[in-house]
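The residues making up each chain are set out below.
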Amino acid sequence: MHLSPAHEDLMRTDEPRAIHLKDYRAPDFRIATIDLDFILRPEDTRVAAKMRVQRTGDKAAPLVLDGEQLNLLALRIDGKDIPETGYRVDEERLTIGSVPEEFVLDVITEISPQANTSLEGLYLSKGIFCTQCEPEGFRRITYYIDRPDNLAVFSTRIEADKQQYPVLLSNGNLTHSGELPEGRHFALWSDPFPKPSYLFALVAGDLGHIEDELVTMSGRKVALRIYVEHGNEPRATYAMDSLKRAMRWDEEKYGREYDLDIFMIVAVSAFNFGAMENKGLNIFNDKVLLASPETATDDDYARIEGVVAHEYFHNWTGDRITCRDWFQLSLKEGLTVFRDAGFSGDMRSAGVKRIEDVKFLRMRQFQEDAGPLAHPVQPQSYITIDNFYTATVYEKGAEIIGMLKTLVGDEGYRKATDLYFERHDGQAVTIEEWVKCFEDACGRDLRQFRLWYRQAGTPTVEANGAYDGATKKYALTLKQTMPPTPGQPSKRPMQIPVRLGLVSKSGRALPLTLDGENAIGPDERVIELTEPEQRFIFVDVDEEPLPSIGRRLSAPVHFKVPMSAADRAALMSRDTDPFNRWEAGQALATDVLLEMADTAGSGIAPRADAVYVDAADDVLARADDDHAFAAEMLVPPSEAELALRMQPANPEAIHDAREALIRGVAEKHRDRFEALYANLQSDRAFAPDAASAGRRRLRNLCLRYLTAADDEASARLADRHYRTATNMTDMVAGLAALSRMDWPEREPALAHFHDRFANDPLVLDKWMSLQAMSPLAGTIGHVRALMRHPAYDKKNPNRVRALIGAFSANHLRFHEADGSGYVLLAEVIRGLDSINPQVAARMAAAFENWRRYDEKRQALMRGALEGIANQPGLSTNLFEVTTKMLA
């Protein structure tokens, strides 16, 4: 049966049906082995699959195989053709009515990779065959039990034209290759480790590569190869270095050794995700793999390091042990995010890495928890699992792992993870089985802790302290609350680890001795909040302390600590915990900025708060202690962050307030900024190490303050910074400053950047993003013009994210009062839905907080969402997110 073109199977005329965790049941059949044979051609690739199938459940159940967009050519059981009356094919599955208990099933299908614009399954882009099978893309390759709990041993034969596709790759080890008639050739790959179909991978194309070798802790030699488009080989060297460091780190920290003879990475330009952990053959979006000083920023280098590690770490937390069903997705993703954060912290600065992670968590996950798309880390239902690759599943999932480690300690955590790997290697498991390993290894009762996986929403922990000078006791009362979320109107108290310290007015750490303890307590400790309200009494506190609560964000909660501006400034300067120094500065800046925004909203020009401005002096005086940390301390909360704290949010007032605060700090401390800017300049060759990156980061932040006036002198300084830059980090900093200014230097600099990198799509992404993020009036029209630029391709997710994704993050201009920003995004989403529903649905998340704005903007955003939701043939991806946002 020949199905319709690539995207049409995703279009629904009826309302899609939700899938629920409570309905899970194991499959009635298991596929033990699958031998795949691909004859690759762009328009008509033939896929032959030979499967050894065993019945494992209901004796009367038919064999049901998932399949979409497939042209079925042949179907045999034990070598005999199945008559047409013996099976049924519809748009989503193949059902065979009567089958033996154990048998060999042959399925031959035909697919069209060239017509596949959704970038799921097997597709062709820029002359490269590539697969993306997570979560449910394998069903677009052949009929199969396409679910995570069906683990099979795969072998893959690939045949293709040798001149066009000289490189043929798949999972496992290469066992055979050779020449064929008519200029064709083949390769045979075998993966001895059982895996679910979502981990299958195939790449064929004309690619260059770099290679290296790693000797594992047991003495095995592993070949390492990274495949890229010809000419990009030098830009893959940092990824290779990151890979080797990640492999060694996983051996040292988790005792995990790589298990195949070869580990491969392939970089492609058209990819829905950042990267994919297919067993032995990781496929990467080239955006998170390629780097050189001339084309990549320090942030790009750090991202490459983290993503390479993340995908490699999946070899054990995702591949060797996978999830039973997609409701357990955080079991592999949350755990692996936690692991890659630990690696990045060890490679760079653990403190700065933690600040970066918390900023992202609050901006994306806390926002998700507070809106209509809120869901537990372990969702209870979904319409399409594509929509649940979210900050909640990933980042909040990682925070839960961090809390477990906090509760059981470093030694207990290692014991629990060792038990997990030993007990569940080669299995598809559940979150419950993961937590059980911690209970068994550490002797902890974690029944209440499991609520972190089941309850959506971000708890608020209010901390109130009272000091009694006569008894030298400090009473700390902690109270937890959690708002209702969709489908969960009432909440149960959570088990919340609260890391805290007490700081004297002079900055001295005070011991934390609980009432009833005999020994003097530590300077920092973790207490567990398990009830709606609890009181903790600390004794022998020799002076009234400043409470430093939730250090390093010990739990993904809102910590609310009533405190004067002067006390926040004191903690910003003197807290013994660097993270909470930053936290105090952010809290102070937020309080100040919200007051300034209220002033701006009433039509009065806001003035910078003196307390915050003065507090910046101490940060600048100590800036050379840690350049990257100082830079974090000097960045006030973003406009989008402030909007989450203001109801209704006023984009213009928030923007004016933040600009006024930056200008106030710049004016008061100009001499210090000028001195730092000059002293941090370096003529040394570019190096991507943490210290060098921190130096550049602080110098470029000084540029931001020195150009805060946005006057002619600022434009000249920004232009000089751009034109004298010797690396992409500094070039982008100069261009970013110019992009917000309406001065003659702006357009020539943008044109110069474009012409210099006209043939490099990844760098032109930066060029488009900078313009889309500009606060200047007319930005929307400029974005529309860029959509007609040859560099923009709506079929390539990187280009869409670079331009439209950046624009939707431009808080001021996306929320133009006339709604033109909403109209633009809605138009793009509607056009994308028929090409790539996954990307369209992710873009729609920009409307997630539409109820936080004034009534006029609410009406405009609701209208845009309704226009999307009412589009004929809406995909299930977009249907799910828009209906939830409108509910």
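In the block above lies the structure referred to throughout.
The shown structure was predicted, so the numbers you read here are calculated from the model rather than taken from an experiment. (Residues numbered from 1 in each chain as written. Predicted model: local features only at pLDDT ≥ 70, side-chain atom pairs only at ≥ 80, totals over all residues. Heavy atoms only, no water.)

Q: Mind showing me how you'd approach the overall build of the protein here?
A: Each helix and strand counted, the protein has 26 helices and 33 strands in total. Against the 2.2 N^0.38 benchmark of 29 Å for 887 residues, the protein shows a C-alpha radius of gyration of 28 Å, consistent with a compact globule. Counting only C-alpha atoms and orienting by the principal axes, one finds that the protein spans roughly 90 × 70 × 60 Å. Counting across all 887 residues of the protein, residues that qualify as buried make up 61%. When contacts within the protein are restricted to residue pairs at least 6 apart in sequence, those whose partners lie at least 24 apart make up 72%. When the accessible surface of the protein is summed, it comes to about 33600 Å², and 49% of that surface belongs to carbon and sulfur atoms. Within the protein, the 135 negative side-chain charges are centred at a point lying 1 Å from the centre of the 107 positive side-chain charges. (Helix = DSSP H or I, 4+ residues; strand = E, 2+ residues; numbered from the N terminus. Rg over C-alpha atoms; globule rule 2.2 N^0.38 Å. Buried < 20%, exposed > 50% of the residue type's maximum accessible area, 1.4 Å probe, protein only. Contact = heavy atoms within 4.5 Å. Areas by Shrake-Rupley, 256 points an atom, 1.4 Å probe, with all protein chains shown as cover. Lys, Arg positive; Asp, Glu negative; His and termini not counted. Charge placed at Lys NZ, Arg CZ, Asp CG, Glu CD.)

Q: Can you help me understand the sheet that holds strand β5 (residues 71-77) in this one?
A: Backbone hydrogen bonds hold the strands of a sheet together, and the pairing may be parallel or antiparallel. Taking strand neighbours across the sheet as the criterion, the 8 strands line up as β6-β5-β9-β3-β2-β12-β15-β14 in an open arrangement whose pairing is mixed. Each edge of the open sheet is held by one strand with a lone partner, namely β6 (80-81) and β14 (173-180). The sheet contact formed by strand β2 (residues 29-39) and strand β12 (residues 152-161) spans 7 bridges and is parallel. Looking at the pairing, Leu36 lines up with Thr156 of β12. (Pairing = 2+ DSSP bridges.)

Q: Hey, could you run me through the pattern of salt bridges in this one?
A: When the charged atoms of two side chains lie near each other, side chains of opposite charge can form a pair. In the structure shown here, the tally under the stated rule is 85 salt bridges. Asp259 is paired through a salt bridge with Lys279; the nearest N and O atoms lie 2.7 Å apart. Of this pair, Asp259 sits in the loop between α1 (237-254) and β19 (262-268) while Lys279 sits in the loop between β20 (275-276) and β21 (281-285), and the two are 20 residues apart along the sequence. An identical accessibility class is assigned to Asp259 and Lys279; each is buried. Residues Glu333 and Lys332 are paired through a salt bridge, measuring 2.5 Å at the closest nitrogen-oxygen approach. By relative accessible area, Glu333 is classed as buried at 2%. (Salt bridge = Lys/Arg side-chain N within 4 Å of Asp/Glu carboxyl O.)

Q: Can you walk me through the pairing of strand β8 (residues 93-96) in this structure?
A: Along any regular strand the residues' side chains alternate between the sheet's two faces. As defined by bridge partners, strand β4 (residues 63-66) adjoins β8 across 4 bridges and the pair is classed as antiparallel. Across the sheet, the residue bridging to Leu65 is Leu94, located in β8. Examined bridge by bridge, strand β7 (residues 87-89) and β8 share 3 bridges and lie antiparallel to one another. Within the sheet, the bridge partner assigned to Tyr87 lies in β8 and is Ile96. The antiparallel hairpin formed by β7 and β8 contains 3 residues in its connecting segment.

Q: Is there a simple way to think about empty space enclosed by the protein in this case?
A: The method is simple in principle: a probe with the dimensions of a water molecule rolls over the atoms, and the space it marks as empty is what remains. One pass over the structure, following the stated rule, counts 3 cavities of 30 Å³ or more. Computed from the structure, the largest cavity encloses a volume of approximately 70 Å³. Taken together, Arg235, Asp286, Lys287, Leu290, Thr295, Ala296, Asp300, Leu762, Val763 and Lys766 make up the lining of the largest cavity. When its residues are assigned to classes, the lining of the largest cavity shows 4 nonpolar, 1 polar and 5 charged. Computed from the structure, the second largest cavity encloses a volume of approximately 40 Å³. Lining the second largest cavity are Tyr123, Ser125, Ile128, Cys130, Val268, Ser269 and Ala270. Counting residues per element, the ones that place at least two in the lining of the second largest cavity are β10 (121-125) and β11 (128-132). (1 Å grid on protein atoms, 1.4 Å probe; cavity = no way out; pocket = protein on both sides within 12 Å on 5 of 7 lines; lining within 4 Å. Points joined across faces, edges and corners; volume = space filled by probe spheres on them. Nonpolar A, V, L, I, M, F, W, Y, C, P; charged D, E, K, R; others polar.)

Q: Looking at this structure, I do not really get the side chain of Glu368. What am I missing?
A: Within the element layout of this structure, Glu368 appears in helix α4 (residues 350-369). Within the local environment of Glu368, its side chain forms a polar contact with the side chain of Thr392, the two groups lying 2.5 Å apart. Leave out the neighbours within four places in its chain, and Glu368 touches Leu373, Ala374, His375, Thr390, Ala391, Thr392 and Glu848. (Polar contact = N/O pair within 3.5 Å; in protein donor to acceptor, adjacent residues only side chain to side chain.)

Q: Is there a simple way to explain the packing of helix α8 (residues 565-574) against helix α9 (residues 578-601) in this structure?
A: Angle between the axes and distance between the axes: these two values describe a pair of packed helices. As a packed pair, α8 and α9 sit with axes 7 Å apart at the nearest point and diverge in direction by 150°. Considering the angle they form, α8 stands roughly antiparallel to α9. Between α8 and α9 the crossing geometry is left-handed. Contact residues: Ala565, Arg568, Ala569, Leu571, Met572 and Ser573 in α8; Arg581, Ala584, Gly585, Ala587, Leu588 and Asp591 in α9. (Axes fitted to C-alpha atoms, helices over the stretch in contact; angles between N-to-C directions. Parallel < 35°, antiparallel > 145°, perpendicular 65-115°, else oblique. Left-handed = near helix turned anticlockwise from the far one by under 90°.)

Q: Can you walk me through the state of the cysteines in this structure?
A: Note: disulfide means a covalent bond formed between the sulfur atoms of two cysteine side chains. What the rule picks out here adds up to 0 disulfides. Looking at Cys130, it has no disulfide partner, and the nearest cysteine sulfur is the one in Cys133, 9.2 Å off. Its relative accessible area of 2% is what places Cys130 among the buried residues. (Disulfide = S-S within 2.5 Å.)

Q: I keep staring at the environment of Thr322 and nothing clicks. Help me out?
A: Within the fold, Thr322 resides in strand β22 (residues 322-323). Classification of Thr322 by relative accessible area gives buried; the value is 1%. Between the C-alpha atoms of Thr322 and Val429, which are 107 residues apart in sequence, the distance is 6.4 Å. For Thr322, the contacting residues outside a window of four places in its chain are Pro148, Leu151, Pro196, Tyr198, Leu331, Gln427, Ala428 and Val429.

Q: I'm lost on unusual backbone geometry in this one. Help?
A: Trans peptide bonds make up the majority, and among non-glycine residues the majority have a negative phi. Note the cis peptide between Glu134 and Pro135, where omega equals 0°. Within the secondary structure layout, Pro135 lies in the loop between β11 and β12. Residue Gln647 is joined to Pro648 through a cis peptide bond whose omega torsion reads -5°. Assignment of secondary structure puts Pro648 in the loop between α12 (639-643) and α13 (651-668). Residues other than glycine seldom take positive phi values, yet Leu553 does so here, at roughly 45°. With respect to the element layout, Leu553 can be found in the loop between β32 (546-549) and β33 (558-560).

Q: Is there a simple way to think about the packing of aromatic side chains in this case?
A: Any aromatic ring pair is given by two values, namely how distant the centres are and how the planes are angled relative to each other. Under the definition given, this model contains 37 aromatic pairs. A centroid spacing of 5.5 Å and a plane angle of 75° characterise the contact between Phe263 and Tyr312, whose relative ring orientation is edge-to-face. Remark: Tyr312 occurs in helix α2 (residues 298-313) and Phe263 occurs in strand β19; sequence separation between them is 49 residues. Given a relative accessible area of 2%, Phe263 falls into the buried group. Lys279 extends its terminal NZ or CZ atom over the ring of Phe193, reaching a point 4.6 Å from the ring centre. In this arrangement the basic side chain of Arg324 is found over the ring face of Tyr24, its NZ or CZ atom lying 3.6 Å from the centre. (Phe/Tyr/Trp six-rings, centres within 6.5 Å; stacked < 30°, edge-to-face > 60°. Lys NZ or Arg CZ within 6 Å of the ring centre and 35° of its normal.)

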